[in-house]
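Remarks on the overall topology
Chain by chain, the residues:
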Amino acid sequence: MPLTVKEFTDLADPYVQQLKKDKPGLQVSDVLDEEQHQYVNLVQKGGGVLGIALVGYTYVLEQMGIRFLRQAGTSAGAINTALMVISGKDKTAAKSEEVIGILAEMDFFKFVDGPPVIKWLVKKFVKSKDFTKRATAFIRSMIIIFAVLFFGSGIFYLLQHFFPSLSAVTDGFFIGLGLVTFCMVALVLYVKGILKNFRLNGLGMNPGDYFYDWVKQQFIARNIHNVTDLIKKASELPSLHLREGVIHPVGVASLTADVTFITADLVTQNKIEFPAMIDLFRLPADRDSIHPAGFVRASMSLPVFFESYYIAHIPNTDPLIQKNWVDRLGQEQAPSISRFVDGGVLSNFPMSIFYNPAVRTPRLPSFGIDLNDSKPEDNLQSPTGWSFIGFIGRMFNTIRFYYDKDFLLKNKMFEKGVGTVPLSEFNWLNFFLSDQEKLAMFEAGAKAARDFLMNFKWNDYKQAREQYQDELKK
């Protein structure tokens, strides 16, 4: 029986009630609508199936009267961002319960749409946190079984000349060795075929077609049929005003709303922001030929696990397209085809996207939801304490987190808006989640949101931003 929305919200509501009791009159922004909702910008980090925690986090924020003006996300963060943008009637409406309804019915394993052996491998090994241990144990067992059968066949073949009664045992060993050898050869040939398709079809184990179709249906069900519809929906602005007693030189007139999905183009080696950069790939009259579900699909194209997402037939000889590539990215030669992978390889937590150096005193903060699945022993400063997964993870994370980390180091006031969800007990590639794991992950997000709001101080955030801008001027 599928989970219900209430099963999720029942886990989060105690944290909401605690916040309402301990933080009455919570202030997180100076921008409000007519219903007194407070507005923030929101960045959601990527993290595979850990994205469930993002929904728990945003649910608590919304229950505390917080709404989102500009939104950005990468990979799993792009998925929740997309659903948050297109759900509900307008920006004043809470979106998370609708997203929870989608989440409750979702079978994540359907996203694994590769060959049967890939599905088997994911079920068999990736389900656990340290799946490399299970994979290593399986390979070791196969080698041991083959070695026992091989040497056993030879030994009993010699012994049967002296002990004829052992001939049946010898036959058994030979039959077993033959079966194991046949299975291993068949597996090698099967894997060879997969690797051939792997190279031809975008170097990914799973096509990602099911995910694309699923996202597209979510868009269509909410009357988002093209890029124009998405931009229109994301840019809708409610009637806004500043908090009573707050004076700002530009008021709320210059505030805008939008959505950004981060992906990486391997052809030109650039970070791409969709839909803002659609004019790099299509002329204005033709931009709706690309469905916006492709933006989310491009953002979550985890290398190797999913095939790359392509945009072909770019009119790269058109002067306007060429000018856009030069102006936006300094790229003298526009490509005819672009190949996208998960935006997390360049910017998994794009907090920098909302930084405006021209603003000294912020009218609203930029909130970020960070997902941290590192194990305690993998956070040790001593490198001898890391597990193998920790070592690989650190090497990969050093590359993909550096851009975002560098920004936060240089702009420390943004860290005041970041809340972290600890998820060390979960595996971000476990597409075979149980209902209890979904609920636990959701609750972890809700708890992290509670902890963040309990400690967030809007005035401190504003002062930190003002001091930073003053230091820059000096």
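The structure under discussion appears in the preceding block.
Per chain, residues are indexed from 1 in the order of the written sequence. With the structure being a predicted model, the display of local features is reserved for residues of pLDDT at least 70 and the display and counting of side-chain atom pairs for 80 or more, all residues being used for whole-chain, interface and lining totals. No hydrogens and no water enter the side-chain calculation; it runs on all heavy atoms of the structure.

**Quick word on the overall build of the chain**
Note on conventions: DSSP H or I runs of at least 4 residues are helices, E runs of at least 2 residues are strands, and numbering of each starts at the N terminus. Each helix and strand in the chain was counted, giving 14 helices and 12 strands. Counting only residues that meet the buried cut, the chain has 49% of its 474 residues in that class. Contacts between residues were defined by any pair of non-hydrogen atoms, one from each residue, lying within 4.5 Å. Excluding contacts between residues fewer than 6 apart, the proportion of contacts in the chain whose partners are at least 24 apart in sequence is 79%. For the chain, the accessible surface area stands at approximately 22900 Å², while carbon and sulfur atoms represent 60% of it. Residue exposure (1.4 Å probe, protein chains only): buried if accessible area is under 20% of the type maximum, exposed if over 50%, otherwise partly exposed. We get accessible surface area from the Shrake-Rupley algorithm with a probe of 1.4 Å; when it comes to residues, only the shown protein chains can shield them.

**Topic: helix α14 (residues 458-473)**
Each residue after the first adds 1.5 Å to the expected span of a helix. Helix length check: α14, at 16 residues, gives a terminal C-alpha distance of 23 Å against a target of 22 Å (1.5 Å per residue), a fit within 8%. When we look at burial in α14, the residues that qualify are Trp 458, Tyr 461, Lys 462, Ala 464, Arg 465, Glu 466, Tyr 468 and Gln 469.

**Thoughts on the pairing of strand β11 (residues 366-372)**
Counting buried positions over the seven residues of β11 gives six, a clear majority of the element. Pairs of strands are assigned from DSSP output, requiring at least two bridges between the strands. Across five bridges, the pairing between β11 and strand β12 (residues 418-422) is parallel. The partner of Gly 368 across the bridge, within β12, is Val 418.

**A short note on unusual backbone geometry**
Pro 275 follows Phe 274 through a cis peptide bond whose omega is 0 degrees. Residue placement: Pro 275 occurs in the loop between β7 (270-274) and α10 (293-299). Backbone geometry at Ser 75 places phi at a positive 55 degrees, although glycine is not the residue there. With phi around 60 degrees, Gln 269 is a residue other than glycine that occupies positive phi space. Along the polypeptide, Gln 269 turns up in the loop between β6 (258-265) and β7. Under the relative-accessibility criterion, Gln 269 is labelled exposed at 68%.

**Let's talk about the pattern of salt bridges**
The salt bridge definition used is simple: a Lys or Arg side-chain nitrogen within 4 Å of an Asp or Glu carboxyl oxygen. The final tally for this structure, using the stated rule, is 13 salt bridges. Among the ionic pairs, Lys 6 bridges to Asp 10, the shortest N-O distance being 2.8 Å. One end of the pair is Lys 6 and the other is Asp 10, both in helix α1 (residues 5-22) and four residues apart, which spans about a single turn. In this structure, the salt-bridge partner of Asp 30 is Arg 243, at a minimum N-O distance of 3.5 Å. Residue Asp 30 is located in the loop between α1 and β1 (31-33), and its partner Arg 243 is located in the loop between β5 (240-242) and β6; the two are separated by 213 residues in the primary sequence. Assessed through its relative accessible area of 16%, Arg 243 is described here as buried. Beyond isolated ion pairs, a larger network of salt bridges with shared partners links Asp 30, Arg 243 and Lys 462.

**Remarks on the pairing of strand β2 (residues 38-44)**
Extensive coverage of β2 is indicated by the burial of seven of its seven residues. Side chains Gln 38, Val 40, Leu 42 and Gln 44 of β2 all project onto a buried face; the interleaved residues Tyr 39, Asn 41 and Val 43 project onto the opposite face, where all are buried too. The pairing of β2 with strand β3 (residues 66-74) spans six bridges and is classified as parallel. Residue pairing for β3: Leu 42 is matched across the bridge by Gln 71. Taken together, the four bridges between β2 and β11 define a ladder with parallel strand orientation. Note that in β11 the partner of Leu 42 across the bridge is Phe 367.

**Examining the environment of Pro 249**
By secondary structure assignment, the location of Pro 249 is in the loop between β5 and β6. On a C-alpha basis, the gap between Pro 249 and Thr 361 in space is 9.3 Å, while along the polypeptide they are 112 residues apart.

**Some details on the nonpolar core**
The set of buried Ala, Val, Leu, Ile, Met, Phe, Trp, Tyr and Cys residues whose side-chain atoms join them within 4.5 Å is what this entry labels a nonpolar core. Counting 110 residues, the largest nonpolar core has Phe 367, Phe 431 and Leu 453 as its most contacted members. Of the residues forming this core, the biggest block, nine residues, is contributed by helix α13 (residues 435-455). Leu 453 has contacts with Leu 19, Lys 23, Leu 26, Val 28, Val 60, Leu 61, Met 64, Ile 66 and Phe 367, leaving out every residue within four places of it along the chain. By size, the runner-up hydrophobic cluster in this structure holds eight residues, among which are Val 31, Tyr 39, Leu 255 and Leu 364.

**Describing the packing of aromatic side chains**
For Phe, Tyr and Trp, where Trp contributes only its six-membered ring, two rings pair if their centres lie within 6.5 Å, and the inter-plane angle classes them as stacked under 30 degrees, edge-to-face over 60, or tilted in between. Using the criterion set out here, one finds 26 aromatic pairs in the structure. Centroid distance Phe 274 to Phe 340: 5.6 Å. Interplanar angle 65 degrees. Geometry classified as edge-to-face. A residue pair is termed long-range when its members are at least 10 positions apart, and Phe 274 in strand β7 and Phe 340 in strand β10 (residues 338-342) qualify at 66 residues. Members of the aromatic cluster, each reached through a chain of ring pairs, are Tyr 57, Phe 367, Phe 452, Phe 456, Trp 458 and Tyr 461.

**Points about the packing of α1 against helix α2 (residues 51-63)**
A pair of packed helices can be characterised by two numbers: the angle between their axes and the separation between those axes. In the contact formed by α1 and α2, the axes pass within 10 Å of each other and the chain directions differ by 40 degrees. In terms of axis orientation, α1 runs oblique to α2. In the packing of α1 onto α2, the handedness of the crossing is right-handed. Residue-level inspection shows Thr 9, Ala 12, Asp 13, Val 16, Leu 19 and Lys 20 of α1 in contact with α2, the latter providing Tyr 59, Val 60 and Gln 63. Classes in brief: Ala, Val, Leu, Ile, Met, Phe, Trp, Tyr, Cys and Pro nonpolar; Asp, Glu, Lys and Arg charged; the others, Gly included, polar. The residue inventory of the contact of α1 with α2, partitioned by class, reads five nonpolar, two polar and two charged. Interaxial angle, 0 to 180 degrees, is taken between N-to-C directions of lines fitted to C-alpha atoms, where a helix line uses only the stretch in contact. When an angle is under 35 degrees it counts as roughly parallel; over 145 it counts as roughly antiparallel; between 65 and 115 it counts as roughly perpendicular; any other value is oblique. Take the far helix as your reference; a near helix turned counterclockwise from it by less than a right angle gives a left-handed crossing, and one turned clockwise gives a right-handed crossing.

**Regarding the side chain of Asp 370**
By the element assignment, Asp 370 lies in strand β11. Contacts described as polar in this section are N or O atom pairs within 3.5 Å, which, within protein, must combine one atom able to donate a hydrogen with one able to accept it, while residues neighboring in sequence count only if both atoms come from side chains. Among the polar contacts listed, one links the side chain of Asp 370 to the side chain of Lys 45, at a separation of 2.7 Å. Contacts of Asp 370, omitting those with residues within four sequence positions, involve Lys 45, Phe 349, Val 418, Gly 419, Thr 420 and Val 421.

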